[in-house]
Structure formats: structure tokens, C-alpha cells
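# Reading the structure
Chain by chain, the residues:
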Amino acid sequence: MLVDFVNGVVKGTFKTGKNTLIAPMALTIFVWVLLMNLMDLVPVDLIPYPAELLGVPYLKVVPTTDLNLTAALALSVFCLYLFFSVKEKGLIGFIKSITLHPFGPWMLPANLFVEVIDMLAKPLSLALRLYGNLYAGEMIFLLIAGMVAWQLSVTGIVFGVFGTILSLVWAIFHILIVVLQAFIFMMLTVVYMNMAHEKFEQH
């Protein structure tokens, strides 16, 4: 089902050429990012506390809450984008696409500025979107976990019940977020690959 789903997404989005690498790459990215995101549903102390007993004082359970990892994923996609852009357009065609578009040959510095900013925004947005959403989700989990104190007082019991209900609601909602973020990362990767395969046409 997952293979058919990703294959359908790629067929609907990647329309500029034939490349048998795109669908397997999209599937790999989707599954990889999804599994890393799903670590956020593991109880917050289940892994860090035993690790602390083993001498690891600080352990980040969710890989995608680390900007280093999301930036590495985004840079990998960006390198593939540049590779396929040069491969499909040729080196001269690629240089023309970033110097002659969108304002024509008379506005070369402006074209180059706009295109470079556009290219740099691709990996930056990929990395920060995934990191920001998962980091914020984990922080909310930690804040909710801090509410569940279960102290023997009226306030403690109220906060404990409220925190438990809230953590359950947030966990259910977060399942949608982790799947959605994996899908968005995969979808944008396919869109960027589609853009890389577009032939440059000078008007």
C-alpha cells in the first residue's frame, strides 16, 4: 500500500521526464523520516532515563529534533537537485537558467540574485520546517509530562488527571503531525526533482 501510495504521488508530481531513481528515493525519504518522527511517541523518559543510568547524561531520542540531521537530509536533497539540474540542462543550460531567468539577459545581476536566494531557500526550508515542527512537538510533550505530578493534594490530582488527558489528546494529534511532516518532506523532494528535470527555455 505504501509503495503504491508513493508511486502514485510521484506519477502525479514528477512529470518532466523519466527517472527511475525518483520513486525509490521518495519512498526511502518518507519511511526514514516517518520512523524518526515516530520516536516522538515513545514515552519521554523510557530511553533517556536508562541511558542516564548507563552514564549518558543527555540523550536526544527524536533524531529529527536535531537541526544537524534535518540539515543533512535537506543538503542531500539539494545536492541531488543540483546534480540533476546540471545533468538534464547541461552546464551551460544550468548557468543560463540562473542568470537569464526571470528578467532576461539585461538584468543578469538581479536574475542571479533572485535565483541564488531561491536555491538557498530550498534546503533551508526543508531543514527548518521538519526540525521546527518536531522540536515544538517534543517541547509540548515535555511541558505536558511536567504537569502529570500526581501529588497527594486537590491541585496535584486535578493537574494529574488534566495532564494525562492532555497527553493522550496531544499524542493522537501528534500522530497526524509526524506523518504529515514526513509526507511534506517527501513531496517537496519530488517537486524539487521535477524542477531539476525541467528544460530551460529562454524567452
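Residues numbered from 1 in each chain as written. Predicted model: local features only at pLDDT ≥ 70, side-chain atom pairs only at ≥ 80, totals over all residues. Heavy atoms only, no water.

## Notes on the overall build of the protein
Defined as follows: Helix and strand assignments follow DSSP, with helices taken as H or I runs no shorter than four residues and strands as E runs no shorter than two, numbered in order from the N terminus. Contacts between residues were defined by any pair of non-hydrogen atoms, one from each residue, lying within 4.5 Å. Calculation of accessible area relied on Shrake-Rupley with a 1.4 Å probe; when residues are assessed, cover is drawn exclusively from the protein chains displayed. All tallies of charge rest on Lys and Arg as positive and Asp and Glu as negative; His and the ends of each chain are not included. Working definition for charges: the position is that of NZ of Lys, CZ of Arg, CG of Asp or CD of Glu.
A count of helices and strands for the protein gives six helices and zero strands. Start at the N end of the protein and walk to the C end: the helices and strands fall as α-α-α-α-α-α. Here the C-alpha coordinates of the protein stretch approximately 75 × 40 × 35 Å along the principal axes. In the protein, the proportion of contacts linking residues at least 24 apart, taken out of those at least 6 apart, comes to 73%. Accessible area for the protein stands at about 12100 Å²; split by element, carbon and sulfur atoms hold 75% of it. In the protein, the 10 positive side-chain charges and the 11 negative ones have mean positions that sit 15 Å from each other.

## Things to note about the side chain of H197
Here is the rule we go by: Three labels apply to residues, based on accessible area from a 1.4 Å probe with only protein chains included: buried if under 20% of the type maximum, exposed if over 50%, partly exposed otherwise in between.
On the secondary structure map, H197 appears in the segment after α6 (154–196). Taking relative accessible area as the criterion, H197 reaches 3% and is therefore assigned buried. When near neighbours in sequence (up to four residues on either side) are disregarded, H197 contacts F14, T16, N19, I22, F84 and E88.

## Here we look at the side chain of T65
The condition is simple: We call two N or O atoms a polar contact when they sit within 3.5 Å, provided that within protein one can donate a hydrogen and the other can accept it, with sequence-adjacent residues counted only if both atoms are side-chain atoms.
Its location among the elements puts T65 in the loop between α3 (48–53) and α4 (67–99). A distance of 2.6 Å separates the side chain of T65 from the backbone oxygen of V62, its partner in a polar contact.

## With respect to the confidence of the model for the protein
Let me state the cut-off plainly: pLDDT is a per-residue confidence score from the predictor, ranging from 0 to 100.
Averaged over all residues, the pLDDT of the protein is 86; the fraction at 70 or higher stands at 96%. Per-element mean pLDDT across the protein ranges from 84 in α3 up to 93 in helix α2 (residues 22–38).

## Here's the deal with the environment of I140
Relative to the assigned elements, I140 resides in helix α5 (residues 108–147). Sequence separation of I140 and F173 is 33 residues, and the distance between their C-alpha atoms is 12 Å.

## Some points on the pattern of salt bridges
Convention followed: The term salt bridge refers to a side-chain nitrogen of Lys or Arg lying within 4 Å of a carboxyl oxygen of Asp or Glu.
In the structure shown here, the tally under the stated rule is two salt bridges. One salt bridge connects K87 with E88, and the closest N-O pair in it is separated by 4.0 Å. The exposed category is assigned to K87, whose relative accessible area is 53%. Put simply, K122 and D118 hold a salt bridge, and the shortest N to O gap is 2.9 Å. Of this pair, K122 and D118 are both found in helix α5, four residues apart, which corresponds to roughly one turn of the helix. Its relative accessible area of 35% is what places D118 among the partly exposed residues.

## Re the nonpolar core
What counts is decided by this rule: Nonpolar core, defined: a set of buried Ala, Val, Leu, Ile, Met, Phe, Trp, Tyr and Cys residues in which side-chain atoms within 4.5 Å join the residues together.
Core analysis: the largest hydrophobic core is formed by 34 residues, its most contacted members being F185 and M193. At the level of elements, α1 (2–13), α2, α4, α5 and α6 are the ones that each hand at least two residues to this core. The residues touching F185, leaving out its near neighbours within four places in the chain, are I29, V33, L73, A74, V77, L126 and L130.

## Quick look at α1
Note the cut-off: Expected helix span is computed as 1.5 Å times (number of residues minus one).
A rise of 1.5 Å per residue sets the reference length of α1, with its twelve residues, at 16 Å; its end C-alpha atoms lie 17 Å apart and thus fit the reference within 8%. Those residues of α1 that are buried are in contact with α2 and α6.

## Some thoughts on the packing of α2 against α4
Here is the rule: To define axes, lines are fitted to C-alpha atoms, for helices over the stretch in contact only, and angles between the resulting N-to-C directions are given on a 0 to 180 degree scale. Here roughly perpendicular refers to angles of 65 to 115 degrees, roughly parallel to angles under 35, roughly antiparallel to angles over 145, and oblique to all remaining angles. The nonpolar class holds Ala, Val, Leu, Ile, Met, Phe, Trp, Tyr, Cys and Pro. Asp, Glu, Lys and Arg form the charged class, and all remaining residues, Gly among them, are polar.
α4 packs onto α2 with a crossing angle of 175 degrees between their chain directions and a minimal axis gap of 13 Å. For the element pair α2 / α4, the angle class is roughly antiparallel. Of α4, the residues touching α2 (which contributes M25, I29, W32, V33 and M36) are L69, L73, V77 and L80. The class makeup of the residues in the contact of α2 with α4 is nine nonpolar, no polar and no charged.

## A short note on the packing of aromatic side chains
For clarity, the cut-off: In this analysis, rings of Phe, Tyr and Trp, with Trp reduced to its six-membered ring, are considered paired at centre separations within 6.5 Å, and the interplanar angle assigns stacked below 30 degrees, edge-to-face beyond 60, and tilted for intermediate values.
This structure, assessed with the given rule, holds six aromatic pairs. Note on F5 and F183: the rings are 5.9 Å apart at their centroids and 35 degrees apart in plane angle, and the pair reads as tilted. With F5 in helix α1 and F183 in helix α6, this pair connects stretches of sequence that are 178 residues apart. Under the relative-accessibility criterion, F5 is labelled partly exposed at 38%. Ring-pair connections join several aromatic residues into one group, and the members of that group are F5, F30 and F183.

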